[in-house]
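# Residue-level structural notes
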Amino acid sequence: MKRELKLFLGPNHPGMHGNFSVHLYVDGDIVEKARPLPGMLHRGFEKLMERRLWMNNLALIPRICVPEPDINEMVYAMGIETLAKIEVPERAHWIRMLILEMARVAIHMMSFGGIGGPTGLYTGPNWAISDRDLILDIFEAITGARIYHMYIVPGGVRKDLPEGIEKKIEKLMDDIERRLPEYEDLILRNPVMEKRLKAAAPLSAEVCWELGVTGIGLRSTTGEAYDIRKVEPYARYDQVEFDVPVHKGVSFAYDRLSMKFEEIKQSIRIIRQVLDKMPKEGPIRAKISRGSALRWRVPKGQVYAHVESSRGDYGYFIVSDGENKPYRIAVRGASYPQGLLGIEKYLPGTRLEDVAIWLDTMGVCSPEIDR
């Protein structure tokens, strides 16, 4: 006799990212129905932004994606700079890229090692979180904060790089790169992990097109190198060389995890070029207003600014009515399609023990949904 059982994944669970819950209805070990439940953050980021001054929002927006906060600062700044016709100083462009790529390495390491959570390989997260912490040390030295940096601001960056930080970054990138073969042996070449991940959590190109999945999800199925840094370069991505890892065909958890590993290598490659090509001195922020920035008004208009996050196309649609607060801001979270629609439509049929793997490798960042 068929007996349906209701189980709860999250909001606090090793396989769940952030305050987010999925109600699972299972028959035996098979998920029959899945219902995502956002709303645990109780924020309403978009409406809060409309009630705060343009400058006040700098403290709020990094929280929309906790593991990779800097992309929010970047798209917010890019949108405002377009509306207000602000020219960003050359050195600031390169410093922004430095921050964004270090953040990409940090979140990919967290995700790559984090696969040990749902699979029981706890050496992975122990190593990765420890190495990620060294990147946070660099962020703290540059911005004064480890997670929410509030460093990329309209017009450039908040302050210049501290003296000697370039050598510390270079050394850290060398150390992480030296460790990568050990990570590869531990996770990607581990026979248990291969067997566990190579047939788990399938994703097809048709599903990506249907839902609007971008980033590694799209690139892992279509073989197309669709990356905003390549197809619509911002900052100075058009002046550095890097490859976009791709895979064609149905992608499984192992394929997407392998691509994250390759992207860490490419980000290290970009960081080295930034350190080499970045102007050694010069202004780091354009003057955006006379007097107090808190009274600053952004000219009327609307704009969509987007960047390539670690999970794909990430953007803000910003509308200004010329006042000192945004009239409307809508966030296009990169994981919204798979994290909301995808869970409901494509998680059913998955074995119970693969649910956390599905969520982990699909790149679900719950605050982007609960915005």
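This text gives an overview of the structure that appears in the document.

Analysis parameters
Residues numbered from 1 in each chain as written. Predicted model: local features only at pLDDT ≥ 70, side-chain atom pairs only at ≥ 80, totals over all residues. Heavy atoms only, no water. Buried < 20%, exposed > 50% of the residue type's maximum accessible area, 1.4 Å probe, protein only. Helix = DSSP H or I, 4+ residues; strand = E, 2+ residues; numbered from the N terminus. Contact = heavy atoms within 4.5 Å. Axes fitted to C-alpha atoms, helices over the stretch in contact; angles between N-to-C directions. Left-handed = near helix turned anticlockwise from the far one by under 90°. Nonpolar A, V, L, I, M, F, W, Y, C, P; charged D, E, K, R; others polar. Pairing = 2+ DSSP bridges. Core = buried A, V, L, I, M, F, W, Y, C linked by side-chain atoms within 4.5 Å. Phe/Tyr/Trp six-rings, centres within 6.5 Å; stacked < 30°, edge-to-face > 60°. Lys NZ or Arg CZ within 6 Å of the ring centre and 35° of its normal.

### Topic: helix H12 (residues 336-346)
- Every buried residue belonging to H12 is among Pro-337, Gln-338, Gly-339, Leu-340, Gly-342 and Ile-343, and all of these are buried.
- Buried residues in H12 make contact with strand E2 (21-27), strand E3 (30-37), helix H8 (205-211), strand E8 (328-332), helix H13 (355-362) and helix H14 (366-369).

### Quick notes on the packing of helix H2 (residues 70-84) against helix H3 (residues 90-114)
- It is at 9 Å that the axes of H2 and H3 come closest, and there the two elements cross at 150°. Between H2 and H3 lies a crossing of left-handed hand. Between H2, through Asp-70, Ile-71, Met-74, Ala-77 and Glu-81, and H3, the contact on the second element is made entirely by Arg-96, Ile-99, Leu-100 and Ala-103.
- For the contact of H2 with H3, the per-class residue count stands at six nonpolar, no polar and three charged.

### Let's talk about the sheet that holds strand E1 (residues 5-9)
- Strand order in this open sheet of three strands is E1-E2-E3, and the pairing throughout is antiparallel. Strand pairing shows two members of the sheet lacking a second neighbour, E1 and E3, which therefore form its edges. Here the strands of the sheet are splayed against their neighbours by 25° on average, with no regard to which way each runs.

### Points about the sheet that holds E8
- As summarised here, the arrangement of the three strands in space is E6-E7-E8, forming an open sheet in which the pairing is antiparallel. The two strands at the open ends of the sheet, each matched to only one other strand, are strand E6 (301-309) and E8. Averaged over all pairs of adjacent strands, the angle between strand axes in this sheet comes to 10°, irrespective of strand direction.
- Here E6 runs beside strand E7 (residues 312-320); their pairing, made up of nine bridges, is antiparallel. Each bridged residue has a counterpart across the sheet, and for Ser-309 the counterpart in E7 is Gly-312.

### Section: the nonpolar core
- Judged by nonpolar contacts, the single largest core of 111 residues is most densely connected at Met-102, Ile-169 and Tyr-316.
- Each residue touching Ile-169, except ones within four places of it in the same chain, is listed here: Leu-98, Met-102, Ile-138, Ile-142, Ile-271 and Leu-275.

### Concerning the packing of H12 against H13
- With their axes 11 Å apart at the nearest point, H12 and H13 run at an angle of 145° to one another. Two packed elements cross with a definite hand, and for H12 against H13 that hand is right-handed. Residues Gln-338, Gly-342, Ile-343 and Tyr-346 of H12 touch H13, and the partners they reach there are Trp-358, Leu-359 and Met-362.
- Here the contact of H12 with H13 is composed, by residue class, of five nonpolar, two polar and no charged.

### Overview of the environment of Ile-169
- As for its position among the elements, Ile-169 is in helix H6 (residues 165-188).
- The buried category is assigned to Ile-169, whose relative accessible area is 0%.
- Separated by 109 residues in the primary sequence, Ile-169 and Leu-60 have C-alpha atoms spaced 27 Å apart.

### Remarks on the packing of aromatic side chains
- Counted under the stated rule, the structure contains eight aromatic pairs.
- Consider the rings of Tyr-234 and Tyr-237, whose centres lie 5.0 Å apart with planes at 65°: the pair is edge-to-face.
- In this structure Tyr-234 comes out as buried when scored by relative accessible area, which is 5%.
- For the cation-ring pair, Lys-198 lies above Tyr-254, with the distance from its terminal atom to the ring centre recorded as 4.8 Å.
- Over the ring of Phe-242 we find Lys-230, and its NZ or CZ is 4.2 Å from the ring centre.

Shape is all these values report; function is a separate question.
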